[in-house]
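Fold and geometry: a report
Letter by letter, the chains look like this.
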Amino acid sequence: MVKLDRVARQVIADDGTVADYDRLLLATGSLPFMLPVPGKELEGVIAYRDIADTEAMIAAAENHKHAVVIGAGLLGLEAANGLALRGMDVTVVHLLDWIMERQLDRAGAEMLQASLESKGLKFLLGKQTEMLIASDSGRVGCVRFKDGSEVAADLVVMAAGIRPNSTLAHAAGLYCGTRAGGGVVVSDTMQTYDPRIYAVGECAAHRGTVYGLVAPLFEQAKVCATHLAEFGIGRYQGSVTSTKLKVTGVDVFSAGNFGTGDGLEDIILHDKNGGVYKRLVIEKNKLIGAVLYGDTADGSWYFQLLKDQTDVSAIRDSLMFGDAFTNNQIGDVGHAGNNKAAAMADTAEVCGCNGVCKGTIVKAIREQGLFTLDDVKKQTKASSSCGSCTGLVEQLLASTLGGAFTPTNRSIKPICACTDHTHGEVREQIRANKLLAINAVMQTMDWKTPNGCATCRPALNYYLISTWPHEAQDDPQSRYINERAHANIQKDGTYSVVPRMWGGLTTPDELRAIANVAEKFSIPTVKVTGGQRIDLLGAKKADLPAIWSDLGAAGMVSGHAYGKSLRTVKTCVGNEHCRFGTQAAMSMGVKLERMLFGMWSPHKVKLAVSGCPRNCAEAGIKDVGVIGVDSGYELYVAGNGGIKTEVAEFLCKVKNDDEVMEYSAAYLQLYREEGWYLERTVHFTQRVGMDYVKRRIVDDEVGRRELRERLLYAVQGAIDPWAERAQGVASYEFTPLVANAVATAVSTTNMNGASDERMAETLPH
Amino acid sequence: MSAWLKLCPIEEIPALGSRVMPRANRPSIAIFRSSDDVIFAVEDVCPHKGGPLSQGIMHGNKVTCPLHAWNIDLTSGEACAPDAGCAKTFATRLSEGVVWLQVDA
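For the structure given in this document, a descriptive report is provided here. (Residues numbered from 1 in each chain as written. Chains lettered and ligands numbered in written order. Predicted model: local features only at pLDDT ≥ 70, side-chain atom pairs only at ≥ 80, totals over all residues. Heavy atoms only, no water.)

Quick notes on the sheet that holds strand S6 (residues 45-47) of chain A
Residues and elements named next belong to chain A. Selection rule: Pairs of strands are assigned from DSSP output, requiring at least two bridges between the strands. Only DSSP runs of H or I covering at least 4 residues are called helices, and only runs of E covering at least 2 are called strands; the numbering of each starts at the N terminus. In this description, a line fitted to the C-alpha atoms serves as the axis of each element, helices being fitted only across the stretch in contact, and the angle between N-to-C directions of two axes falls anywhere from 0 to 180 degrees. The contact criterion used throughout is that any non-hydrogen atoms of two residues lie within 4.5 Å.
Taken together, the five strands give an open sheet; going across it, the order is S6-S13-S7-S8-S9, and neighbouring strands pair in parallel fashion. Edge positions in the sheet fall to S6 and strand S9 (122-125), since each has one partner strand and no second. Looking at each pair of strands side by side, their axes are set apart by 20° on average, direction ignored. The pairing of strand S8 (residues 89-94) with S9 spans four bridges and is parallel. Counterpart to valine 93 in the pairing with S9 is leucine 124. Together, S6 and strand S13 (155-158) form the strand contacts of helix H1 (residues 51-63), whose direction differs from that of S6 by roughly 140°.

The structure is reproduced here in structure tokens:
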């Protein structure tokens, strides 16, 4: 490419080829910066840029002794380390007073330098190169500095940065900045001053910055691609970058801003003999920079906090001690905090649901060029089921890709690929515009697919019915099969049936009815569940309405064991029987369960009531846990016994049964109104903060009552879905189709006695 | 050799939903109806682990298997990338509001 004619809108190649363009993308990259000193043309003076440079370095290492690397940035140090490993005597020359000054502060740089020196590298800092002097052979022989000193050099590697390759753009009169080495200046849509011409990557200067790493380029390319596709969403607003030094045995990580100044606070851990230095820079309760030396295991976690602009005030005490320490106490990380992905063996299983081991994931990342969590989910299935290994997979991405990994900003992540909107935005629109049907949401919010997908439709359906109960349209086709069939699908396509046992109580009559159903419908497995009720497993779908009819005749209703809804209220025997009991746990449990019957929620909801602090009902791992004490009840919320066991947090103490009902209802309604679909109470509560929950539920009496009223309104008149279906509602769901007429036996003759001529004509012959 | 079976009026299949036609000694056939009333028929067996596709959520011309969320393109029966596998498809016709299905004799 030799010329760019913006008037004729043509590009001209050196062989005379001419190509027209409507829009043009410049991705000309950068050139290594060669110091403009005498002698730079000598043999043995190279940049560190391409394979030829690398080959020249390998060849020099075989025949020569002294190497000088000019520039102690990332690239220079990696080159120096490589040359030293090949046996050369390497001196690193740097203009500034400490190495890697763009990534490290002085203390971190000095530790890194000491470590590299122990590996045999030599450093000359604060040295300005004056000229390169030839030896007798004509090859470069030594480097002379401005201060008159010299150092022997049979090989000089210039790693003093890059310069945007904007020659073509410049010649075409496109504005190139003076800052940042003259990159083509682009806007947030990656357009140059000629709006028909775009530029991305190392040739482009965006807001005065030329990025030399791959991650920002991906972000730029994404914005540019949507713009080129005339799908003008997204702006590139600059990147926060992180870097890792790829020198064996030396761990360095840095991200963000680590200067000093007004309003910036430092948290520093400095163990000089132990070889660990960590500095976290905080501004207005947000992490804005991190420098890690010696122990970089938490680099990806800090980078995530930094990118998400997470408020770290609540975890400030433990922030320095890392993800594992902090999130073993608070936080939703699944296994993430408990393992260090980089230290795992290749054969170690990362995703326990789908049996994917570390080696498989790392191989997929490398060979298939994966960059995001979603890529890994799609290609390997890891983290695509329960999600508890998400943190681990992100760590693997971070450790495999280094700086090229861009962690997902969870608070701005769209619901799914069908939309650019987040859960929060969709909820808000449904409320603000009183949207009552899925189609209305999709139209109002510019859904990209005609009818969504299996991820967004169930979420939309929940948001509609929870925001506008009794008004919004509940779409069964947008519910997962279990909620559509009111039973749990099993691996063989049969279903399981769990009748409700209020508070875990049952009667001889109910048990007889269950036994009769099990025999009558040849139920292969009858199991007692963890929620104090009985599961009939292996029922045929077509039998379900008849099964429900029989159970209903004995007074039983759906246990909603299949729904994102109220599951169970587990109880101990309470003071009704127990000699230690202080409160009537069973009757309290029954009252709660009856109050909440028919409640849909973002995810399943389980409660428990214990009659005394011995807590036999295990209320400490429930969404709402109630523990009776002599003077009343203690209420706990946001516990979870699942993927990662989470102990419920103390909400408040209340005096009597009525208050238990009021506070529990208010908390669950808050969760129903503000939780995101498939977010358990623990994750919701961590997201909004326990302080917020206490403000809304404990401190604000009026608000609490209103929340309760809204919950009671939503579940008002809840009917038993089993009884309805036993009477024929949605019978199509349970009735197999029977081909009621064989049209014709052979395709070459007309079907069904020519009763349908038009049909016959369209048939294939 | 194949035969056309008359199944049911289209209203008996919910839009973005399905019905199941059992067959003796052979896998059932799942009949789907898209939001714009196109009828698809596939064997009710996910190429992954045999899940009943009829029980999945339908979107566009695809269905998401209820067991492990593979997406199957109902026009071809092929699993969507990166998953690989194929469910057998059958020809269908809609005539005067009635759904017809072509099966092997």
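A word on the pattern of salt bridges
Oppositely charged side chains may form a pair once their charged atoms are brought near each other. Test applied: One speaks of a salt bridge when a side-chain nitrogen belonging to Lys or Arg is within 4 Å of a carboxyl oxygen belonging to Asp or Glu.
In this structure the tally under the stated criterion is 42 salt bridges over all chains. Of the charged contacts, one joins aspartate 105 of chain A and arginine 279 of chain A as a salt bridge, the two residues approaching to 2.6 Å between their closest N and O atoms. Separated by 174 residues along the polypeptide, aspartate 105 of chain A in the loop between S8 and helix H3 (106-118) and arginine 279 of chain A in strand S21 (residues 276-283) bring together distant segments of the chain. Of the charged contacts, one joins glutamate 43 of chain B and arginine 23 of chain B as a salt bridge, the two residues approaching to 3.2 Å between their closest N and O atoms.

A few points about the packing of helix H20 (residues 657-674) of chain A against helix H22 (residues 690-699) of chain A
Residue and element names in this part refer to chain A. The cut-off we apply is this: Throughout, the term roughly parallel applies to angles under 35 degrees, roughly antiparallel to angles over 145, roughly perpendicular to angles from 65 to 115, and oblique to all others. The hand of a helix crossing depends on one turn: near helix anticlockwise from the far one by less than a right angle means left-handed, and clockwise means right-handed. In this classification, Asp, Glu, Lys and Arg are treated as charged, Ala, Val, Leu, Ile, Met, Phe, Trp, Tyr, Cys and Pro as nonpolar, and every other residue, Gly included, as polar.
Between H20 and H22, the shortest axis-to-axis distance is 10 Å and the interhelical angle comes to 130°. Between H20 and H22, the interaxial angle falls into the category oblique. Taken as a pair, H20 and H22 cross one another with a handedness that is right-handed. Seen from H20, the contacting residues are Tyr663, Ala666, Tyr667, Leu670 and Glu674; seen from H22, they are Tyr692, Val693, Arg696, Ile697 and Val698. For the contact of H20 with H22, the per-class residue count stands at eight nonpolar, no polar and two charged.

Observations regarding the environment of valine 654 of chain A
All names here are of chain A. Along the chain, valine 654 turns up in strand S33 (residues 649-654). For valine 654 and serine 631, which are 23 residues apart along the polypeptide, the C-alpha to C-alpha distance reads 8.6 Å. When residues no more than four places from it in sequence are discounted, the contact partners of valine 654 are Ser631, Gly632, Tyr633, Leu635, Glu659, Val660 and Tyr663.

Some thoughts on the packing of aromatic side chains
Residues and elements named next belong to chain A. Quick note on the threshold: Ring pairs shown here join Phe, Tyr and Trp side chains whose ring centres sit within 6.5 Å, with only the six-membered ring taken for Trp; geometry is labelled stacked below 30 degrees between planes, edge-to-face above 60, and tilted in between. The rule for a charge over a ring is simple: NZ of Lys or CZ of Arg within 6 Å of the ring centre, and within 35 degrees of the ring normal.
The tally for this structure, following the rule as stated, stands at eleven aromatic pairs over all chains. Grouped by ring-pair contacts, the aromatic residues Tyr462, Tyr463 and Tyr677 constitute a single cluster. Between arginine 163 and the ring centre of phenylalanine 33, over which it is positioned, the NZ or CZ distance is 4.0 Å.

Here we look at the sheet that holds strand S6 (residues 62-64) of chain B
Residues and elements named next belong to chain B. Read from one edge of the open sheet, three strands run S5-S6-S7, paired in antiparallel fashion. In the strand order of this sheet, the two ends are held by strand S5 (57-59) and strand S7 (71-73), each with one partner. Each neighbouring strand pair of the sheet contributes to a mean axis angle of 25°, computed without reference to strand direction. Here S5 runs beside S6; their pairing, made up of three bridges, is antiparallel. Residue methionine 58 lies in a different strand from S6, and its bridge partner there is valine 63.

Some remarks on empty space enclosed by the protein
All names here are of chain A. Under the convention used in this document: Buriedness for pockets is judged along seven lines, at least five of which must meet protein on both sides within 12 Å for an open set on the 1 Å grid over protein atoms alone, while cavities are sets there where a 1.4 Å probe fits but cannot get out, and lining residues have an atom within 4 Å of a point. Grid points are joined across faces, edges and corners, and a volume is the space filled by probe spheres set on the points.
Enumeration according to the criterion identifies three cavities of 30 Å³ or more in this entry. Considered as a void within the structure, the largest cavity measures approximately 60 Å³ in volume. Every residue along the wall of the largest cavity is listed here: Pro458, Asn461, Tyr462, Ile465, Ser478, Arg479, Glu483, Lys564, Trp600, Ser601 and Tyr677. Among the elements that make up the lining of the largest cavity, the one with the highest residue count is helix H14 (residues 456-467) (four residues). For the lining of the largest cavity, the class distribution of residues is five nonpolar, three polar and three charged.

Considering the pairing of strand S3 (residues 26-33) of chain B
Residue and element names in this part refer to chain B. With six bridges connecting them, strand S2 (residues 17-23) and S3 associate as antiparallel partners. Across the sheet, residue methionine 21 finds its bridge partner in S3, namely isoleucine 29. Where S2 folds back on S3, the antiparallel hairpin that results is connected by two residues, among which asparagine 25 adopts a positive phi of roughly 60°. The hairpin turn running from S3 into strand S4 (residues 39-43), its antiparallel successor, is five residues long, and aspartate 37 in that turn takes a positive phi close to 65°.

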